[in-house]
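Spelled out, the chains give:
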Amino acid sequence: MSTGQEDELQRAYRDASSDAGAPPPALRKTILAEAAAAAKRREPANDARYWLSAAAGIAVLGIGLVLWRQVPHQVPGDVPLMAEVSASSTVQPAPVAQSVPASPPAVTAEPVAEMARERRSADVAEPAAKAEREELSVTAATDQAAPPPPPTASAFEEITVTGSRATQAQRSGPIAAAPMQDAAGIARNTSSPQLLRQYFPQAYAGSAPRTLWLVQDAAGNTLRSGELGAGQDFTTINPNIEAQFSGQRLGPWVVEEVRSARGQPIKLGIARLQYNPGQ
Amino acid sequence: MDAAVDPDEALVARYAAGDVAAFETLYSRHELPLWRYLLRNCGERGTAEELMQEVWFTVTREAPRFRADGRFTAWLYTLARNRVIDRHRTRRRHESLDATGTDDAPPLAERLADERAPTPLEASVRAETGAAILSALALLPVEQREAFVLQAETGMSVADIADVTGTNFETAKSRLRYARERLKALLRDHTP
């Protein structure tokens, strides 16, 4: 396409098109001013100081994030504290099997507040046990620096929650002055009968055989408690418990037969959460 | 490095790095061809000015993202073409490529005669030829006119025209051929 006629065609067009003139000088000035402004706006991205400050900002954000993650946060749906649980005085059925479709065992639970009230009434009838508990409460009072329990999940709020967090909530309430309220301290220093009285006062005062369980952390704080149904085995609740404590697995169940106040046999299984390096 | 011989792509890169003088060189190099392209395709000086500003503002904004292996001219006229199309769509005004296309300028024949007609006869011939070619251009289908103006204003290759207009090589070549045949026929009628 470079014949003489075509060159002539383009030349004729250019001659005719030159009437278009040029854009107004003001437009040229505007465009060049915008070009300079745009280049200036981009300057920070080419400036080493900009990158240094940006890197410093990112570092500060990272440190803040790490610090934030170090602090435990309670989010909506987290397990309730004992003070919250104490507001309910009814024994709730175990909805574990409803929450997890993988046919977990039915787990009955007893709200701790109700247990505490019943325990106080039982104290009146048992001066010897009361003296023993008062002695234990001294131990608990000197053990307020107990480590917090591991993070908990919220899928099974019906299961009774105890431990240092619950204890702290109790201290601020009207029951706080009463002896035997530091459940964590007691749990670390009590035997199976004491645990039974502490966490299952109804069962302890009852006249029927029971199969009960406690889950504790490595420090001996009781984190979960409940009762097995007829024909259920302790290990059947392992998946439910471990699902609530991600990163940890449940250790072996130590089962002990305890006699209730009325001499009825009660099986009490205790298992401790252990760090699971596989997760 | 002498800016006058820098390829467009190098000037864009330099401007993206903060060299405003490189942009001024680039602008000076493409100002008039782009202006005529916009004016020919818009038909109104005011619209052409708006589009001219939009296109160059886009260049200033997008220069850092311009691909080093791309052709600046193709990119520039693609930006321009897209804005022309957008303007036509929004205003529902199609095909307003009048020969002169200016609101306040004197008629083409008069200006041609004033500017470069050494003799009354030559001026008359040029004016007639210029008016004829611009009139013919205005009658061309928009795709053919666009291809011809791109080549006449920028010296673009057929491949680049195809790239800018979003078509394939053969289609662009055909559009150019039809445009030329039509214009040549008109020129023959006006050549003394």
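Residues numbered from 1 in each chain as written. Chains lettered and ligands numbered in written order. Predicted model: local features only at pLDDT ≥ 70, side-chain atom pairs only at ≥ 80, totals over all residues. Heavy atoms only, no water.

Q: Outline the overall build of chain A, supporting the account with residue identities and numerical values.
A: The secondary structure content of chain A amounts to 12 helices and 7 strands. The proportion of buried residues among the 279 residues of chain A is 41%. Taking contacts inside chain A between residues at least 6 apart in sequence as the whole, the part at least 24 apart equals 65%. As presented, chain A carries roughly 14400 Å² of accessible surface, and 58% of it is formed by carbon and sulfur atoms. (Helix = DSSP H or I, 4+ residues; strand = E, 2+ residues; numbered from the N terminus. Buried < 20%, exposed > 50% of the residue type's maximum accessible area, 1.4 Å probe, protein only. Contact = heavy atoms within 4.5 Å. Areas by Shrake-Rupley, 256 points an atom, 1.4 Å probe, with all protein chains shown as cover.)

Q: Any chance you could break down the overall build of chain B for me, citing the residues and the numbers?
A: Counting its regular elements, chain B contains 9 helices and 0 strands. Looking at the 192 residues of chain B, the share that counts as buried comes to 47%. Of all intrachain contacts in chain B linking residues separated by at least 6 positions in sequence, the fraction that spans at least 24 positions is 61%. Total accessible area computed for chain B in this model is approximately 9000 Å², and 51% of it derives from carbon and sulfur atoms.

Q: Talk me through the packing of aromatic side chains; I want residue IDs and the actual numbers.
A: Each aromatic ring pair is described using two quantities: the centre-to-centre distance and the angle formed by the ring planes. All names here are of chain B. With the rule as written, the count across this model stands at 11 aromatic pairs over all chains. Both rings, one in Phe66 and one in Phe72, keep their centres 6.3 Å apart while their planes meet at 75°; by these two values the pair is edge-to-face. By relative accessible area, which is 14% here, Phe66 ends up buried. Ring centres of Phe72 and Trp75 lie 5.9 Å apart, and the angle between their planes is 70°; this geometry places the pair in the edge-to-face category. Within this pair, Phe72 and its partner Trp75 are both found in helix α4 (residues 72-91), separated by 3 residues, close to a single helical turn. With respect to burial, Phe72 and Trp75 carry one shared label: buried. Above the plane of the ring of Tyr178 lies Arg177, whose end atom (NZ or CZ) is 5.3 Å from the centre. (Phe/Tyr/Trp six-rings, centres within 6.5 Å; stacked < 30°, edge-to-face > 60°. Lys NZ or Arg CZ within 6 Å of the ring centre and 35° of its normal.)

Q: Just give me the short version of the pairing of strand β7 (residues 265-275) of chain A, but keep the residues and values in it.
A: All names here are of chain A. Bridge analysis of strand β3 (residues 210-216) against β7 gives 7 bridges, and the strand direction is parallel. Within β7, the position partnered with Trp213 by the bridge is Gly269. One ladder, built from 3 bridges, connects strand β5 (residues 248-250) with β7; its direction is antiparallel. Each bridged residue has a counterpart across the sheet, and for Leu250 the counterpart in β7 is Leu273. Relative to β7, strand β6 (residues 254-259) runs antiparallel, the two sharing 6 bridges. Bridge assignment links Val255 to a residue of β7, and that residue is Gly269. The loop that links β6 with its antiparallel partner β7 comprises 5 residues; one of these, Gly263, has a positive phi angle of about 80°. (Pairing = 2+ DSSP bridges.)

Q: Tell me about the interface of chain B and chain A, residues and numbers included.
A: Every contact between the two is made by 49 residues of chain B and, on the other side, 31 residues of chain A. Between chain B and chain A, roughly 3400 Å² of surface is buried when both sides are summed, and carbon and sulfur atoms account for 62% of that area. Across the contact surface, chain B and chain A share 1 salt bridge. With a shortest N-O distance of 3.0 Å, A:Arg28 and B:Glu31 are connected by a salt bridge. At the junction of chain B with chain A, the criterion picks out 6 residue pairs in polar contact (both at pLDDT 80 or more). Among the elements that take part in the side of chain B that touches chain A, helix α2 (residues 20-42) of chain B stands out by supplying 11 residues, more than any other. (Buried area = accessible area lost by both parts, 1.4 Å probe. Salt bridge = Lys/Arg side-chain N within 4 Å of Asp/Glu carboxyl O. Polar contact = N/O pair within 3.5 Å; in protein donor to acceptor, adjacent residues only side chain to side chain.)

Q: Describe in detail the environment of A:Asp233, supporting the description with residues and values.
A: Its location among the elements puts A:Asp233 in the loop between β4 (222-228) and α12 (238-244). In sequence terms A:Asp233 and A:Thr211 are 22 residues apart; their C-alpha atoms lie 9.2 Å from each other.

Q: Before we move on, could you go through the packing of α2(B) against helix α7 (residues 142-154) of chain B and cite the residues and values that matter?
A: Between two packed helices, the angle of one axis relative to the other and the distance separating the axes together describe the packing. All names here are of chain B. Interhelical geometry of α2 versus α7 gives an angle of 160° and a closest axis separation of 10 Å. Our classification of the angle between α2 and α7 gives roughly antiparallel. Handedness of the crossing formed by α2 with α7: right-handed. In this structure, α2 uses Pro33, Arg36, Tyr37, Arg40 and Asn41 to contact α7, whose residues at the interface are Arg145, Glu146, Val149, Leu150 and Glu153. When grouped by side-chain class, the residues that make up the contact of α2 with α7 number 4 nonpolar, 1 polar and 5 charged. (Axes fitted to C-alpha atoms, helices over the stretch in contact; angles between N-to-C directions. Parallel < 35°, antiparallel > 145°, perpendicular 65-115°, else oblique. Left-handed = near helix turned anticlockwise from the far one by under 90°. Nonpolar A, V, L, I, M, F, W, Y, C, P; charged D, E, K, R; others polar.)

Q: How would you sum up the nonpolar core? Please name residues and give values.
A: Residues and elements named next belong to chain B. In this structure, Phe23, Leu34, Leu38, Met52, Trp56, Phe72 and Ile133 are the most contacted members of the largest nonpolar core, which totals 60 residues. With 10 residues, the top contributor of residues to this core is α2. Here Phe72 is in contact with Asp8, Glu9, Val12, Leu26, His30, Trp56, Val59 and Phe66, once residues within four sequence places are set aside. (Core = buried A, V, L, I, M, F, W, Y, C linked by side-chain atoms within 4.5 Å.)

Q: Describe the environment of A:Ile31, listing the residues and the values that go with them.
A: Tracing the backbone shows A:Ile31 in helix α2 (residues 25-46). With relative accessibility at 0%, the residue A:Ile31 sits in the buried group. With residues up to four places along the chain from it excluded, the contact list for A:Ile31 reads B:Phe23, B:Tyr27, B:Met52, B:Gln53, B:Trp56 and B:Phe57.

Q: If you had to explain helix α8 (residues 158-165) of chain B to someone new, which residues and values would you point to?
A: All names here are of chain B. Counting buried positions over the 8 residues of α8 gives 6, a clear majority of the element. Within the sequence span of α8, burial applies to Val158, Asp160, Ile161, Ala162, Val164 and Thr165. Just past α8, the residue Gly166 takes up positive phi, approximately 70°.

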